[in-house]
2 protein chains.
Amino acid sequence: MLAFGVGGLLPAVVQEARTGEVLMLAWMDAEALARTLRTRRATYWSRSRGEYWVKGETSGHTQRVEAVRIDCDADTVLLSVAQTGPACHTGTATCFTGRELPLAPPDADEAPSADRAPASHAAASDDAAPEAAAEPAAPEEPA
Amino acid sequence: MLAFGVGGLLPAVVQEARTGEVLMLAWMDAEALARTLRTRRATYWSRSRGEYWVKGETSGHTQRVEAVRIDCDADTVLLSVAQTGPACHTGTATCFTGRELPLAPPDADEAPSADRAPASHAAASDDAAPEAAAEPAAPEEPA
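It should be emphasised that the depicted structure is a prediction, and the values quoted were computed from it without experimental measurement.

### Re the UniProt feature "domain: Phosphoribosyl-AMP cyclohydrolase" (unreviewed entry) in chain A
Within the UniProt annotation, "domain: Phosphoribosyl-AMP cyclohydrolase" (unreviewed entry) is assigned to residues 24–97 of chain A. A helix fraction of 14% and a strand fraction of 38% characterise residues 24–97 of chain A, whose end C-alpha atoms lie 10 Å from each other.

### Looking at the pairing of strand β2 (residues 22–28) of chain A
It is a general feature of regular strands that their side chains alternate between the two faces of the sheet. All names here are of chain A. Within β2, seven of the seven residues are buried, which leaves it mostly tucked inside the rest of the structure. As paired elements, strand β1 (residues 10–16) and β2 share six bridges and run antiparallel to each other. Looking at β2, one finds that V14 is bridged to M24. The hairpin formed by β1 and β2 contains five residues between the paired strands, and G20 there has a positive phi angle of roughly 80°.

### Quick notes on the UniProt feature "binding site: Mg(2+)" (unreviewed entry) in chain A
The residues that UniProt annotates with the feature "binding site: Mg(2+)" (unreviewed entry) are D71, D73 and D75 of chain A. Here D71 of chain A lies in the loop between β5 (63–70) and β6 (77–83). The class for D71 of chain A is buried, based on a relative accessible area of 2%. Every residue in contact with D71 of chain A, bar those within four places of it in the chain, is listed here: T76 of chain A together with C95, F96 and R99 of chain B. Assignment of secondary structure puts D73 of chain A in the loop between β5 and β6.

### Details of helix α1 (residues 30–39) of chain B
Residue and element names in this part refer to chain B. Of all the 10 residues making up α1, nine are buried; the element is thus mostly covered by neighbouring parts of the structure. Among all positions of α1, only E31, A32, L33, A34, R35, T36, L37, R38 and T39 are buried. One side-chain oxygen at the N-terminal end of α1 lies 3.2 Å from the backbone nitrogen of E31; it belongs to D29. Taken from the residues just after α1, R40 is the one with a positive phi, measuring 65°.

### Side note on the sheet that holds strand β2 (residues 22–28) of chain B
Within a sheet, adjacent strands bond to each other through the backbone by hydrogen bonds, running parallel or antiparallel. Residue and element names in this part refer to chain B. In space, the four strands of this open sheet follow the order β2-β1-β6-β5, with mixed pairing throughout. Strand pairing shows two members of the sheet lacking a second neighbour, β2 and β5 (63–70), which therefore form its edges. With strand direction ignored, the average angle separating the axes of adjacent strands in the sheet is 25°. In the packing of α1 onto the sheet, the strands contacted are β2, β5 and β6 (77–83), and the crossing angle to β2 comes to about 125°.

### Brief notes about the confidence of the model for chain A
Of the residues in chain A, 75% have a pLDDT of 70 or more, and the chain-wide mean is 83. The ipTM, which scores confidence in the relative placement of chains, is 0.78 for this predicted complex, and the corresponding pTM is 0.78.

Parameters at a glance
- Residues numbered from 1 in each chain as written.
- Chains lettered and ligands numbered in written order.
- Predicted model: local features only at pLDDT ≥ 70, side-chain atom pairs only at ≥ 80, totals over all residues.
- Heavy atoms only, no water.
- UniProt positions renumbered as here; feature names shortened; annotations may be inferred.
- Helix = DSSP H or I, 4+ residues; strand = E, 2+ residues; numbered from the N terminus.
- Buried < 20%, exposed > 50% of the residue type's maximum accessible area, 1.4 Å probe, protein only.
- Pairing = 2+ DSSP bridges.
- Contact = heavy atoms within 4.5 Å.
- Polar contact = N/O pair within 3.5 Å; in protein donor to acceptor, adjacent residues only side chain to side chain.
- Axes fitted to C-alpha atoms, helices over the stretch in contact; angles between N-to-C directions.
- pLDDT = per-residue confidence, 0-100.

Okay, here's the thing in structure tokens:
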């Protein structure tokens, strides 16, 4: 039923149930998902260590799972959790806290084509790939 | 700086800026991210079609990007967007709407070991992989 990807893994998006904050993204195989559903303790597969880890088991910063949802093509899971303490192992509230990338000014999206406001580092690839190429040929899919 | 993964892609978690709803997960390569930052129009790489797609270009259900954040190990991006219409190509508000998986009863997380409340389909793998194996040997990492 679930469409596990490379290495038998699914991305798991983790959201704080009360605040709605996106806390982190981790990875689950079928067993990690089964353990999470069975115990309500968020359990992931560590790609770097090649083992299961129960969030908070060493840090105390646990995630009590309140809901697990799959997406429309069953290749991503969304966990709604009650987070204890900071979610990020760096100590920030979420893994995305204070890590914003620079965006073009708000009026940039008025341009009918990205070529109107090229970023110098991307101009060459714009020439090679006209904006028209960005139009999907089939109905949109999230992946 | 960014740690692109298999196929030169990063998972992109997409969150509605006003409601906090997690709308979908899509994939970006360096060019899709550059186009998104430059145009503020959420632009992804379709793994199924092998091409870039600008969200809403065919459906009209656009995503105006208000912020883009990377996570602590720079291998995931989080987009904060203003979503027009339903985010999912199936017509649901989000790709996760109405797709909840069954969880153990709330008191299941009181059990010291998952073996206390085994799911029959997972019992065999529990025998093969004791709960102790779920304890990380190194400091926790989100991936």
